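Reading the structure
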Amino acid sequence: MVRPYTITRGRTAPECDDLTLITVITTVDEEADAALARGSRAGARGLQPEHRLILDRCRRPAAVAEVAAGLDLPVSVTKILLGDLVAQGLLRARAPLSVARTAGGVDLGLLTAVREGLRRI
């Protein structure tokens, strides 16, 4: 077993502290593919195996909590690794739908129609 402080290179807090358990993370496909193709180096920092697993896992949108569970790592460690990848431009982080809805970004009529359609099934 590798100690968490080894994975994070001794860091105990993420550089960007705006990631919550329900923040949705998605891989920036073009950038991630290029970084993985370059080998073990991406920008100034190398990609660790956990970084590679995150990039692969986040090809489909996933919440921070889901990524942490998939890696079997503490959320605090996962946030540090996610912060690394967001800073390198390899991942996108967005607010969850409940936050987007309060900002007017979700069509409630569409969601209601989907719910009603599912009830009819």
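Bear in mind the structure is a predicted one, so any value in this text is a computation, not a measurement.

Turning next to the overall build of the protein chain. When its secondary structure is counted, the protein chain shows seven helices and five strands. The secondary structure elements of the protein chain, listed N-terminal to C-terminal, are α-β-α-β-β-α-β-α-α-β-α-α. A buried classification covers 34% of the 121 residues belonging to the protein chain. Here the protein chain has roughly 7,500 Å² of accessible surface; of this, 57% comes from carbon and sulfur atoms.

This next bit is on helix α4 (residues 64–71). Restricting attention to buried positions, one finds in α4 the residues V64, V67, A68 and L71. The buried side chains of α4 occupy one side of the element, clustering within an arc of 100° when seen end-on. Turned more than 90 degrees from where α4 packs its buried face, A69 and G70 sit exposed. Tucked inside the fold, the buried residues of α4 contact β1 (24–27), α3 (49–57), β4 (62–63) and α5 (75–87). Two residues or fewer past α4, D72 is found with a positive phi of approximately 60°.

Across the two faces of β1 the burial is the same, with V24 and T26 and I25 and T27 all buried. The sheet contact formed by β1 and β4 spans two bridges and is antiparallel. Counterpart to V24 in the pairing with β4 is A63. Two elements, β1 and strand β5 (residues 91–94), share four bridges in a ladder whose sense is antiparallel. Across the sheet, residue V24 finds its bridge partner in β5, namely R94.

Procedures and definitions
Residues numbered from 1 in each chain as written. Predicted model: local features only at pLDDT ≥ 70, side-chain atom pairs only at ≥ 80, totals over all residues. Heavy atoms only, no water. Helix = DSSP H or I, 4+ residues; strand = E, 2+ residues; numbered from the N terminus. Buried < 20%, exposed > 50% of the residue type's maximum accessible area, 1.4 Å probe, protein only. Areas by Shrake-Rupley, 256 points an atom, 1.4 Å probe, with all protein chains shown as cover. Arc of directions from axis to C-beta. Contact = heavy atoms within 4.5 Å. Pairing = 2+ DSSP bridges.

Keep in mind that these numbers describe shape and distance, not what the molecule does.
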